[in-house]
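# Tertiary structure, described
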Amino acid sequence: EPMFVLPERMQYLVNDCTNTGVPLVSYAMRVLQEILVTGRAGMLVDMPEEGGKPFFVLYDGDDIRNWSEDGEEPFVVLENSRLVRKPDDKFEFEEKEGWRELSIEDGEYFVRLWETDDKDEPYIVSTSQPLRFGRPLDFIPFAPVSAFGVEFETSLPPILPLAQLSHKAYMISADRQLAIHVVAIPTPAVS
């Protein structure tokens, strides 16, 4: 298991780092799994709107939709879809497409939640400005993590060569078994 050295004020993260009861060890394993399978993951430090202690939110590599690190106003757009109950059927749910936009505007951090209406037109659901000690943040608390470090650039999943090799070994084994089967079948011959 990974070992963590945290300051006293962050010890609460060891047993619940996501505000949903997920321990830090499980979170770290999930991040590693995502990096191996898709090549990257995204970690957001979020806070409850009503205040409270910060927690981690994990985004899969394919949920990181767009970003810009350049310029004075960087931004990150994350897929933030959710399930909503269908109004006419209490047993059915449908996916409501949405996005979370993290941006720096005039040196301050803002979060906007976007969704689509019935005509698939995007609109802003809410805008918030997380505070730290009563002051706005001047950075985006999001870190893209890849097999090569903390970077946005996409790369092939590290496990892909092993999966390709395993697939090739299966194909060779299947071809060999088919050849043995064909050779072993009795063939009637007439002279």
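What this report covers is the structure whose coordinates are included nearby. (Residues numbered from 1 in each chain as written. Predicted model: local features only at pLDDT ≥ 70, side-chain atom pairs only at ≥ 80, totals over all residues. Heavy atoms only, no water.)

Spatially, four strands are ordered β2-β1-β12-β13 in an open sheet, and the strand pairing comes out antiparallel. A strand with exactly one partner marks an edge of an open sheet, and here the two such strands are β2 (55–60) and β13 (149–150). As paired elements, strand β12 (residues 142–146) and β13 share two bridges and run antiparallel to each other. Paired with Ser-146 across the bridge in β13 is Gly-149. Packing of helix α1 (residues 24–38) onto the sheet brings it into contact with β1 (40–46), β2 and β12, and relative to β2 it is tilted by some 20 degrees. (Pairing = 2+ DSSP bridges. Helix = DSSP H or I, 4+ residues; strand = E, 2+ residues; numbered from the N terminus. Contact = heavy atoms within 4.5 Å. Axes fitted to C-alpha atoms, helices over the stretch in contact; angles between N-to-C directions.)

Ranked by internal contacts, the top residues of the largest apolar core, which has 13 residues, are Leu-44, Val-76, Leu-78, Leu-102, Tyr-109, Ile-140 and Phe-142. For this core, the elements supplying multiple residues, two or more each, are β4 (75–79), β7 (98–105) and β8 (108–116). In this structure, Cys-17, Leu-24, Ala-41 and Val-145 belong to the second largest nonpolar core, which totals eight residues. (Core = buried A, V, L, I, M, F, W, Y, C linked by side-chain atoms within 4.5 Å. Buried < 20%, exposed > 50% of the residue type's maximum accessible area, 1.4 Å probe, protein only.)

Moving on: the side chain of Glu-115. As for its position among the elements, Glu-115 is in strand β8. For Glu-115, a relative accessible area of 9% gives the class buried. Of note is the side chain of Glu-115, whose polar atom sits 2.7 Å from the side chain of Arg-82. Apart from the residues within four sequence positions on either side, Glu-115 is in contact with Arg-82, Lys-96, Glu-97, Gly-98, Trp-99, Glu-121, Pro-122, Tyr-123 and Val-125. (Polar contact = N/O pair within 3.5 Å; in protein donor to acceptor, adjacent residues only side chain to side chain.)

Below, the discussion takes up the packing of aromatic side chains. The full count for this structure, using the stated rule, is three aromatic pairs. Seen in terms of ring centroids, Tyr-27 and Phe-56 are 5.4 Å apart; in terms of plane orientation they differ by 20 degrees. Their pairing is stacked. Here the residue Tyr-27 occupies a position in helix α1, and Phe-56 occupies one in strand β2, the gap between them amounting to 29 residues. Taking relative accessible area as the criterion, Phe-56 reaches 22% and is therefore assigned partly exposed. Consider the rings of Trp-67 and Phe-152, whose centres lie 5.1 Å apart with planes at 10 degrees: the pair is stacked. With Trp-67 in strand β3 (residues 64–68) and Phe-152 in the loop between β13 and α2 (160–184), the pair connects residues that are 85 residues apart, well separated along the chain. What links up through ring pairs into an aromatic cluster is the set Trp-67, Phe-142 and Phe-152. The residue whose ring lies beneath Lys-53 is Tyr-12, and the NZ or CZ to ring-centre distance is 4.7 Å. (Phe/Tyr/Trp six-rings, centres within 6.5 Å; stacked < 30°, edge-to-face > 60°. Lys NZ or Arg CZ within 6 Å of the ring centre and 35° of its normal.)

What follows covers the side chain of Ser-103. Among the secondary structure elements, Ser-103 is positioned in strand β7. Residue Ser-103 is classed as buried on the basis of its relative accessible area of 4%. A distance of 3.1 Å separates a polar atom in the side chain of Ser-103 from a polar atom in the side chain of Glu-105. Sequence-distant contacts of Ser-103, defined by excluding residues within four places in its chain, comprise Pro-74, Phe-75, Glu-108, Tyr-109, Phe-110, Arg-112 and Ile-140.

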